[in-house]
Amino acid sequence: MVVGSGFGGLAAAVRLRAMGHPVVVLEANEQPGGRASVWHRDGYTFDAGPTVITAPYLLDELFAALGRNPRDYYTLESVDPFYRVLFPDGSRFDYVGDDERLLSQIQAMSPRDVDGYQRLVKQAQAIFDTGYTQLADQPFHRFSDMLRVVPDMIRLGSYRSVYGMVQSYIRDERLRQVLTFEPLLIGGNPFTAPSIYLLIHWLERKWGVWFPRGGTGAVVSALVRMLDEVGVEVRCNSAVTRILVQGGKTVGVELADGTRVDGQAVVYNGDPTFAYSKLMSPAERPSWSNAALARVKPSMSLFVSYFGTKDTLRPVGGPAPTSIKPDTSKSVWPDLAHHTIIMGPRYRELLDDIFEKKTLADDMSLYIHAPTRTDPALAPPGDDAFYVLSPVPNQRSGIKWEDHQARYQDAVMAELERRLLPGLRDRVTTQMSVDPRYFEGRLRTVDGAAFGPEPILTQSAWLRYHNRADDVGGLYFVGAGTHPGAGVPGVLCSAKVLERVVPAPAERIAVPPVLSGAWPSGLRTVEGEQASSRSVA
Ligand SMILES: Cc1cc2nc3c(=O)[nH]c(=O)nc-3n(C[C@H](O)[C@H](O)[C@H](O)COP(=O)(O)OP(=O)(O)OC[C@H]3O[C@@H](n4cnc5c(N)ncnc54)[C@H](O)[C@@H]3O)c2cc1C
């Protein structure tokens, strides 16, 4: 069984089902998706979490694994620019995928960095070739797995931070920020995340940035639909309150209502720190004493506000656009991109406040998601749907969010209005916000970490929670808390690792064939990679 229906849990269910296992997914909340849940409010559709879809072949692979054609289930739209980055001095940088446009922007912003960027991108490519291609979907539960990769890590300078490496190639501070913010997308501080995470830069350049038609939630629904077709039930409102262990092996789980669900294998998709500390007794997990669990450093948390705005997508005086990627040049905010990052006045110091000092600063850097700039159907005609995200300290800060939530939301909206969306507050039609309490409560994450353990060298690969539990036979982990780490590509890779650590079933249960639109072997996925064409019975 799989506990949790985040992307990692759903992908795990697919992979196990493709191996021939019977599978059920137990989800605590009323809807699947975890961090990729969807809020419907006043006619607006808000993706709660992931919005930047990278390495889309990993999603396609899941459909191929069960003999389905992903194009029968969801459609991805490319996003250009990947991100628009705004700086306090009024300058802006469009981070795009193609070399020529990217280099001409670097040339315009800082001519002396063109050569440095070209060398940096080669380094990012080399890191990707090892850190992603060779390691991301490999198990790391033996120390020897780690020893094997140490020489490569040293050769690639993984002991340096992302910022440390970028600054040795790039001199303009704004460009350094553009090229180092990516670890933040997976909960890492660019000043402490190992430079191996520079691979994200090449991953985005190589495969692009995508957005699903209908929002990220449409992909979650597609996965649930496909799982249903192959006999996998995603059972919501089923919180697991105990992992049952007998003689060093798992025998199933107990739910909040006392129901027992038996099974020889439990794949836990939630926070491993939560699983070990709250769902098992210390005697059942000698490798993870309470003291050892307390030493795990959780990632930062987030404040996210979801809101809609009236008549801002519509050209002034004109009809509401309905086509995908509408022309917004005559809309109220003509320069608004799908993904915008507003850099605050402080970079290193702000990150230090968030990650180390754990204080809530007055200044902020924000990420703004405006999905209606790609798909207008996510809001009532003519309106925009948004979320704005501000990284904040996790709950080890002691911040009492009940006292700060309203004030912080006002501060975020004021900053948005000042830097990006003039007249914003007069146009807001609906709004809701989440803060670290949401990650701690609804998503059952210790300390309200938004991305599992912080991605630092001492919490990566073998040093991260293992995909196969150390002490309990039949217990496995997938998702952000385990190897390789957070982010949709990371958690999809964690599910791939299962194929290498979960034994094949004694008796294989055949996957029902698709009625139409089978995935022909050899067909290429959206980005040109060969889909893995596992045969299904
Ligand atoms: C606001 C936000 C924006 C993000 N943006 C991006 C982005 O643009 N691109 C990107 O690649 N990544 C992004 N990420 C990161 C990415 O969303 C996550 O790393 C990834 O979705 C986590 O997936 P997961 O498999 O770890 O499961 P989660 O999504 O964490 O889901 C775990 C599930 O397990 C359930 N669960 C936990 N405990 C139990 C229990 N005891 N019993 C039953 N169920 C339980 C939870 O309810 C939850 O549904 C973002 C994250 C956030 C929060």
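Look above for the structure.
Please read these numbers as outputs of a predicted model, since none were measured by experiment.

(A) Region of the structure containing the nonpolar core. Residues F7, F93, Y132, L223 and L498 are the most contacted members of the largest nonpolar core, which totals 131 residues. Looking at this core element by element, the count peaks at 9 residues for helix α1 (residues 7-19). Excluding anything up to four places from it in sequence, F93 contacts Y83, R84, V85, F87, L102, Q105, I106, M109, L175 and V178. Counting 26 residues, the second-largest nonpolar core is a separate cluster that includes V3, V24, I243 and F477.

(B) Main features of the site of the ligand. For the ligand, the set of nearby residues contains 38 residues, the closest of which are G8, E27, R35, V52 and V488. Within the contact set of the ligand, an oxygen atom lies 3.4 Å away from a backbone nitrogen or oxygen of G34. V52 places a polar main-chain atom, nitrogen or oxygen, 2.8 Å from an oxygen atom of the ligand. Out of a free accessible area of 1000 Å², the ligand has 97% covered by protein chains. With 3 residues, the top contributor of residues to the shell around the ligand is helix α16 (residues 488-501). The residue inventory of the shell around the ligand, partitioned by class, reads 21 nonpolar, 14 polar and 3 charged.

(C) A look at empty space enclosed by the protein. Across all of its chains, the model carries 3 cavities of 30 Å³ or more by this definition. Of the pockets and cavities examined, the second largest cavity occupies roughly 50 Å³. Lining of the second largest cavity is provided by L350, I354, T359, L360, A361, D363, M364, S390, P391, V392, P393 and Y408. Contributions of two or more residues to the lining of the second largest cavity are made by α12 (348-357) and β17 (384-392). Looking at the lining of the second largest cavity, the element that brings in the most residues is β17, giving 3 residues. Here the lining of the second largest cavity is composed, by residue class, of 9 nonpolar, 2 polar and 1 charged.

Each value, and the rule that gives it
Residues numbered from 1 in each chain as written. Predicted model: local features only at pLDDT ≥ 70, side-chain atom pairs only at ≥ 80, totals over all residues. Heavy atoms only, no water. Core = buried A, V, L, I, M, F, W, Y, C linked by side-chain atoms within 4.5 Å. Buried < 20%, exposed > 50% of the residue type's maximum accessible area, 1.4 Å probe, protein only. Helix = DSSP H or I, 4+ residues; strand = E, 2+ residues; numbered from the N terminus. Contact = heavy atoms within 4.5 Å. Near = heavy atom within 4 Å. Polar contact = N/O pair within 3.5 Å; in protein donor to acceptor, adjacent residues only side chain to side chain. Areas by Shrake-Rupley, 256 points an atom, 1.4 Å probe, with all protein chains shown as cover. Nonpolar A, V, L, I, M, F, W, Y, C, P; charged D, E, K, R; others polar. 1 Å grid on protein atoms, 1.4 Å probe; cavity = no way out; pocket = protein on both sides within 12 Å on 5 of 7 lines; lining within 4 Å. Points joined across faces, edges and corners; volume = space filled by probe spheres on them.

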